[in-house]
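In case you want the letters, here they are:
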Amino acid sequence: MLEIKNLHAKVDGNEILRGVNLTVKPGEIHAIMGPNGSGKSTLSYVLSGKEDYEITEGSITYNGEDMLELGPDERAAAGMFLAFQYPIEIPGVATMTFLKTALNAQRKARGLEEMPTPEFMKLVREKAADLNVTPEMLRRPLNVGFSGGEKKRAEILQMSLLEPTLCILDETDSGLDIDALRIVSEGVNKLRSPERSMIVITHYQRLLDHIVPDVVHVLSKGRIVKTGGKELALELEKNGYADFVDEKAA
Amino acid sequence: MVAVQETIDQVKAIDVDQYKYGFVTDIESELAPKGLNEDIIRFISAKKSEPEWMLEWRLDAFRRWKTMEEPSWARVHYPKIDFEDLHYYAAPKTAEGPKNLDEVDPILLDTYKKLGIPLSEQEILAGIAPEHRIAVDAVFDSVSVATTFKEELAKAGVIFCPISEAIRDYPDLVKQYLGTVVPVTDNFYATLNSAVFSDGSFVYIPKGVRCPMELSTYFRINEQNTGQFERTLIIADEGSYVSYLEGCTAPQRDENQLHAAVVELVALEGAEIKYSTVQNWFPGDAEGKGGIYNFVTKRGDCRGDNSKIAWTQVETGSAITWKYPSCILRGDNSVGEFYSIAISNGYQQVDSGTKMIHLGKNTSSRIISKGISAGRSQNTYRGQVSAHRKAKNARNFTQCDSLLIGDQCGAHTVPYIESKNATAVFEHEATTSKISDDQMFYCLARGLNEEEAVALIVNGFVRDVIQQLPMEFAVEAQKLIGISLEGSVG
Ligand SMILES: Nc1ncnc2c1ncn2[C@@H]1O[C@H](COP(=O)(O)OP(=O)(O)O)[C@@H](O)[C@H]1O
Ligand SMILES: [Mg+2]
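Model, not experiment: these values are computed from the prediction. (Residues numbered from 1 in each chain as written. Chains lettered and ligands numbered in written order. Predicted model: local features only at pLDDT ≥ 70, side-chain atom pairs only at ≥ 80, totals over all residues. Heavy atoms only, no water.)

1. Focus: the overall build of chain B
What chain B contains, in helices and strands, is 13 helices and 23 strands. Taken across its 490 residues, chain B has 64% of its residues classed as buried. Counting only contacts in chain B whose residues sit at least 6 apart along the sequence, the fraction spanning at least 24 positions is 84%. For chain B, the accessible area works out to roughly 17,700 Å², and carbon and sulfur atoms hold 48% of it. (Helix = DSSP H or I, 4+ residues; strand = E, 2+ residues; numbered from the N terminus. Buried < 20%, exposed > 50% of the residue type's maximum accessible area, 1.4 Å probe, protein only. Contact = heavy atoms within 4.5 Å. Areas by Shrake-Rupley, 256 points an atom, 1.4 Å probe, with all protein chains shown as cover.)

What follows is the structure in structure tokens.
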């Protein structure tokens, strides 16, 4: 279970998160919606432990463990995964090599043996086929020259391979056409399980037609200003975020 | 920010105290008295039972060397070397006499084992499929102690032996080619080497022969205060092919050790030579003390038409590296290639690069240089590409990439381009980059620790060059990049 309490975070002296409270239980999918600049990506980075942020108040615990004590790699080993809004290029490192290095790094951190190469290859091929990731793409350097859609599929491929227990998806729908959106959503839905929690960050409602959330939150100016069921997303789609932006966060 | 800072600290800490090969073999060795004069040269020559012409050649070099001055144009700084304070000859006592493997001192064999060299023939035969076998000519300080696979190579007509042996057994070949690529007076260190060279490898591949295995020399500097002056000569006769691997390690010492080798390659018509080096000599300790001074002259001559020479090097060691493997593209349509990875860390200073001298028609050359600087090191790429008046349609492509880790190191690129033929086309691309915080965070968020992340990103950066290495070396090189950049991983 993830518990975020009164989280305040600054970057370069500006307070971006201003008291976020959020509890996500195993098996739940929470959507976080909000206008551009409201702090959605910031929240995802702070959760995964990016160093640029100063946490001035509040706490993050995951399964009872204080996440603020851990580095990003330790959080990954604890089961956290962030699908980036803007995946980073790693020149010269074949996607396949990256996947193998990441998987074995996490296995090592958990005290497991490296996965034997044949077994690994088989696993990747299966998962890649589901996401329409071609063998040719697996040979290319990770994210280098990938189209927007390819990048997002590669993120979900990593997620399905690493099998995290807490998935944070930051605008995974951006840059996807309707077919790609369906493929990616199916990939995500396959990972739904009673043990796994997800935080789905999105600007648009359409993703939530495919990945149906249990709870929807609206983030505005660094605070969650409204929480509701999946129908809240439809309401936002109709009325826009104007209500929340004007509200000056009560 | 903090993440990257920590990585920098780790990289700084890797230091070289971790130098994996820093052990000293306890074996009595025979030393020439310190200093350099004609008597020492006579001593070296006599030790090797050399013919008179060889002694004369050495003495002539020595007389010229005395009139020369140490070059100072490279971007390296070091205390003045006292050439009188060095031993110019050191041989393990037990290594004299016939050099069949059974007679090699077990302590030496043990040293090679520590270095990971499959010297013993049985080991090699047991472990490696015939097509992957490597013939090893191991140089232990100044004397080649054992050569494996000689007989099988002999069947193919290939000569692979210590150069001291070649001087006695194949004087005509040696006389015909020695000093024809790197003239005696080429430069200060090459001239010194010509006077005092102790041993090294000799290779001759006859016409039309594809050498049946990779040839390999492992260099190791053991004796304190010795200069190591190898001399290697490789001749690929018409239409032949050879791939030669050179690996180097040296034990950890407080004092700096001097190394000044000369390597000459000759490719005759239609011949191809591939020369690969993995060098991880002791780079000095965390304070910059000790380490190898490496002043090397390596040059290949594409003497015949349609010949090809490719240098591939992975340099991770030495306190100071001064090294420019070059190609003289004399034959028409000849091809020269230079692929380099140079990693500097701690207080290392690297000034390395290549020269491509286009003399013949339709000659082409390709340079891919990857420099990685970390710690407080300085890494300079110095490359010269020139086209002679007659070098019609000469082509060069140079790609020179630098990667900086941390902000206390430096990377410098110094290209010299000179064309006397209007049809020549030279292209030069250079980039300098850093491992970005975003790349680090991305890798960490996937569960890699900082060392693993740096190693992965660096291996990606050097991929184009790694792919040029023979399989055995590629694996070793990747591990070495790990060792030279990782902190705590044992
Ligand atoms: N490094 C930074 N320095 C200053 N402001 C930043 C920095 N990074 C993000 N911000 C600001 O923080 C706010 C939230 O950004 P972000 O979390 O990316 O929003 P969202 O993902 O909801 O669009 C924005 O106003 C943005 O300009
Ligand atoms: Mg965002």
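Still more ground to cover, so stick around.
2. Quick look at the nonpolar core
Most often, soluble globular proteins have nonpolar side chains that are buried together. Core analysis: the biggest nonpolar cluster contains 112 residues, and Leu-2 and Ile-199 of chain A together with Ile-372, Val-458 and Leu-485 of chain B have the highest contact counts within it. If sequence neighbours within four positions are ignored, Ile-199 of chain A has contacts with Leu-2, Leu-22, Val-24, His-30, Ile-32, Leu-47, Cys-167, Ile-168 and Leu-169 of chain A. The next biggest cluster of nonpolar side chains, apart from the first, holds 48 residues, and it includes Val-184, Tyr-293, Phe-295 and Trp-322 of chain B. (Core = buried A, V, L, I, M, F, W, Y, C linked by side-chain atoms within 4.5 Å.)

3. Thoughts on the coordination of the magnesium ion (ligand 2)
Residues and elements named next belong to chain A. On the protein side, the magnesium ion (ligand 2) has Ser-41 (OG) and Gln-85 (OE1) as donor atoms, found 2.0 to 2.2 Å from it. Of the two residues, Ser-41 is situated in helix 1 (residues 40-48) and Gln-85 in the loop between strand 6 (80-83) and helix 3 (95-109); the sequence distance between them amounts to 44 residues. The exposure class of Gln-85 is buried, given its relative accessible area of 13%. (Donors = N, O, S within 2.8 Å, 3.2 Å for Na, K, Ca; no water.)

4. A look at the packing of aromatic side chains
Following the criterion strictly, the structure yields 17 aromatic pairs over all chains and no others. Ring pairs connect the aromatic residues Tyr-45, Tyr-53, Phe-84 and Phe-98 of chain A together with Phe-441 and Tyr-442 of chain B, which therefore count as one cluster. Cation over ring: Arg-58 of chain B sits above Phe-197 of chain B, and NZ or CZ is 4.1 Å from the ring centre. Arg-231 of chain B extends its terminal NZ or CZ atom over the ring of Phe-197 of chain B, reaching a point 5.9 Å from the ring centre. (Phe/Tyr/Trp six-rings, centres within 6.5 Å; stacked < 30°, edge-to-face > 60°. Lys NZ or Arg CZ within 6 Å of the ring centre and 35° of its normal.)

5. Looking at the sheet that holds strand 4 (residues 54-62) of chain A
All names here are of chain A. The sheet built from four strands is open, its strands ordered 2-1-4-5 with antiparallel pairing. Every other strand in the sheet has two partners, leaving strand 2 (14-24) and strand 5 (65-66) as the edge strands with one partner each. When strand 1 (residues 2-11) meets strand 2, the two strands line up antiparallel, connected through eight bridges. Paired with Val-11 across the strands is Asn-14, a residue of strand 2. Strand contacts of helix 1: strand 1, strand 2 and strand 4, with the helix running at about 110° to strand 1, the strand carrying the most contacts. (Pairing = 2+ DSSP bridges. Axes fitted to C-alpha atoms, helices over the stretch in contact; angles between N-to-C directions.)

6. Focus: the sheet that holds strand 3 (residues 29-33) of chain A
All names here are of chain A. Here we have six strands laid out as an open sheet, ordered 6-7-8-3-9-10, and mixed in their pairing. Two strands close off the open sheet at either side, each with one partner strand: strand 6 and strand 10 (223-228). Going from strand to strand, the sheet's axes swing by 20° on average, the running direction of each strand aside. Direction of pairing for strand 3 relative to strand 9 (residues 215-220): parallel, over a ladder of four bridges. Its bridge partner being in strand 9, Ala-31 is matched across the sheet by Val-216. Contacts from helix 6 (residues 148-162) reach strand 6 and strand 7 (166-170) within the one sheet, and its direction differs from that of strand 6 by about 165°.

7. Let's talk about a negative patch on the surface
Together, Glu-65, Asp-66, Glu-69 and Glu-74 of chain A make up a region of like negative charge exposed at the surface. For Glu-74 of chain A, the location among the structural elements is in helix 2 (residues 72-77). (Patch = residues over 30% accessible without salt bridge, like charges linked within 9 Å, V, L, I, M, F, W, Y side chains within 5 Å. Salt bridge = Lys/Arg side-chain N within 4 Å of Asp/Glu carboxyl O. Lys, Arg positive; Asp, Glu negative; His and termini not counted. Charge placed at Lys NZ, Arg CZ, Asp CG, Glu CD.)

8. Description of the side chain of Ser-243 of chain B
Residue and element names in this part refer to chain B. On the secondary structure map, Ser-243 appears in strand 9 (residues 241-249). A distance of 2.5 Å separates polar atoms of two side chains, one belonging to Ser-243 and the other to Glu-214. In this structure Ser-243 touches Glu-214, Leu-215, Lys-274 and Pro-470, once residues within four positions along its chain are discounted. (Polar contact = N/O pair within 3.5 Å; in protein donor to acceptor, adjacent residues only side chain to side chain.)

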